[in-house]
Amino acid sequence: MAKIQTPQPVRGTQDIFGEDQERFSHVVETFERVRRLYGFKGVEMPVFEPTAVFARSLGETTDVVSKEMYSFEDRGGDSLTLRPEFTAGICRAFLSNGWQQHVPLKLSAHGPLFRYERPQKGRYRQFHQLDAEIIGAGEAAADVELLCFADQLLKELGIDQGVTLQLNTLGDAESRDAWRDALVEHFRAHRAELSEDSQDRLERNPLRILDSKERQDRPIADSAPDIDAYLSSEAKEFFAQVTEGLDACGVAWTRNSRLVRGLDYYRHTAFEFVTDRLGAQGTVLAGGRYDGLMESLGGPHTPAVGWAAGIERLGMLLEEPKVAGTDAIFIPLGDGCETAAMKIMAELRRSGISCEMAYKGNMKKRMQKANAAGAAHVVIIGENELANGVAAVKNLATGDQREIVLDGLAEALTA
Ligand code: ATP
Ligand code: MG
């Protein structure tokens, strides 16, 4: 018979296990805790949407839509796309469900996203994001609240050291258009010196040249005009309110006038939390204000602001995760002891004490399992002990071993 080949994982996907999984859940649990402090409601979203949801809102010319989407026809002939981001789907849901009645609506989500990219450290084809959005709020206070949330999340994860909040404004539609014209004029004058990618961007998405990583583009990008000269007084005032709010809340930031976001729908505030600890994949959390997005989906004008953060990238920045060890490892020795131990363990777990059984191997092997599990105690249930209604409990930290009556086990294990 022909040998069956074991299947390979899809390129750019990960099977997250062990310490990486501990990091992953720690990031998600911290996010779930902090988002409640800020009154963000959770939302569970479909993993796929009609392709038009992303094509219309992100803009046909963006990298995501033109090169990175996983789109396919389903059996009914509809064009669907695996979500490459949360924002567009959440806006679609806002419009489909008539959530206008809830504005300002603070939503949070987390889960897998899909982009056809070149896989490398911190960059995958299936990756995971935390996402936070405030929909139906045009006030700078919403931007401030959202950024405070991001800042507190990074602090609670213990990764704020070496991570900088870079902030910019893209102005209102009027400022942005005027600036765009000035940029195009500047880049056209240096067209021949630009990289091939940037020459292409000049026609499709000229703002993107500003944050080009190509060496030959840098002098031209760095000498391009700032938006400041083109900001309307409203746009200036809005940005001032955001920065004053951040200063009042103790959120550190720096201005990066070259920062633009890849997607067409951004207005006013744009930001990234950046580190140099992850090589080229240095952006851990990014977002901004997207007042124009709802209209691109056919909805009424609805100002909104949001951010997304890569769970894998945040996880990589964590210190060694502290794995919560189990309270006790049970070692049954002798006839009938395994069932008796199982019964005792079931009761302990119901009262919130974690335990596991080491039922295989000699005593040495089982003690090794207890140490590897980071257990606080080992509980030995032997025939003699059972007959006397006791268990031998060893405290692994102190080495101290005592006989404990079974009724007193819960207390002894939590002491
Ligand atoms: P990049 O410049 O790194 O491609 P981006 O601008 O495409 O990022 P966003 O769409 O703003 O990224 O997504 C927000 C965050 O999601 C990023 O800051 C990053 O932490 C994470 N992220 C984006 N793409 C990937 C990916 N392919 N793999 C892992 N994480 C990702
Ligand atoms: Mg990208």
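Novice: Explain the sheet that holds strand E4 (residues 79–82) to me, please; I cannot follow it from the model alone.
Specialist: Remark on secondary structure: sheet strands pair via backbone hydrogen bonds, oriented parallel or antiparallel. Taking strand neighbours across the sheet as the criterion, the three strands line up as E2-E4-E3 in an open arrangement whose pairing is antiparallel. The sheet is open, and its two borders are formed by strand E2 (48–50) and strand E3 (70–73), each paired with just one other strand. The mean inter-strand angle of the sheet, taken between neighbouring strand axes irrespective of direction, is 35 degrees. Where E2 meets E4, three bridges bridge the pair, whose relative direction is antiparallel. By the bridge assignment for E4, Phe48 is matched with Leu82. Contacting E2, E3 and E4, helix H2 (residues 51–58) crosses the sheet at an angle of about 75 degrees to E2.

Novice: I'm lost on the packing of helix H5 (residues 140–156) against helix H9 (residues 233–249) in this one. Help?
Specialist: For any two helices packed against each other, one specifies the inter-axial angle together with the distance between the axes. With their axes 9 Å apart at the nearest point, H5 and H9 run at an angle of 40 degrees to one another. Our classification of the angle between H5 and H9 gives oblique. As for the relative orientation of H5 and H9, their crossing is right-handed in sense. When H5 is examined against H9, the residues Ala140, Asp143, Val144, Leu147 and Cys148 are found in contact with a partner set consisting of Phe238, Gln241, Val242, Gly245, Leu246 and Cys249.

Novice: What is the right way to look at the packing of aromatic side chains in this model?
Specialist: Tallied over the entire structure, the rule returns six aromatic pairs. Here the aromatic rings of Tyr70 and Tyr116 are separated by 5.8 Å at their centres, their planes lie at 75 degrees, and the arrangement is edge-to-face. Of the two residues, Tyr70 sits in strand E3 while Tyr116 sits in the loop between strand E5 (105–114) and strand E6 (126–135), which places them 46 residues apart along the sequence. Members of the aromatic cluster, connected to one another through ring pairs, are Phe31, Tyr38, Phe40, Phe149 and Trp307.

Novice: Got a minute to help me understand the packing of helix H1 (residues 18–37) against H5 in this structure?
Specialist: Between H1 and H5, whose axes approach to 10 Å, the crossing angle comes to 140 degrees. On the basis of the axis angle, H1 is oblique to H5. Note that H1 runs across H5; the crossing there is right-handed. Here Thr30, Phe31, Arg33, Val34, Arg35 and Leu37 of H1 lie close against H5, whose contacting residues are Phe149, Gln152, Leu153 and Glu156. Of the residues contributing to the contact of H1 with H5, the split by class is five nonpolar, two polar and three charged.

Novice: Which parts of the structure should I look at to understand the pairing of strand E12 (residues 328–333)?
Specialist: One face of the sheet, then the other: side chains in a regular strand alternate in exactly this way. Counting buried positions along E12 yields five of six residues, so the element is predominantly enclosed. Strand direction decides the pairing type here: E12 and strand E13 (residues 355–357), joined by three bridges, are parallel. Each residue of the ladder has a partner; that of Ala328, found in E13, is Cys355. Pairing of E12 with strand E14 (residues 377–382) involves six bridges; the strand directions are parallel. Note that in E14 the partner of Ala328 across the bridge is His377.

What counts, and at which threshold
- Residues numbered from 1 in each chain as written.
- Chains lettered and ligands numbered in written order.
- Predicted model: local features only at pLDDT ≥ 70, side-chain atom pairs only at ≥ 80, totals over all residues.
- Heavy atoms only, no water.
- Pairing = 2+ DSSP bridges.
- Helix = DSSP H or I, 4+ residues; strand = E, 2+ residues; numbered from the N terminus.
- Axes fitted to C-alpha atoms, helices over the stretch in contact; angles between N-to-C directions.
- Contact = heavy atoms within 4.5 Å.
- Parallel < 35°, antiparallel > 145°, perpendicular 65-115°, else oblique.
- Left-handed = near helix turned anticlockwise from the far one by under 90°.
- Phe/Tyr/Trp six-rings, centres within 6.5 Å; stacked < 30°, edge-to-face > 60°.
- Nonpolar A, V, L, I, M, F, W, Y, C, P; charged D, E, K, R; others polar.
- Buried < 20%, exposed > 50% of the residue type's maximum accessible area, 1.4 Å probe, protein only.

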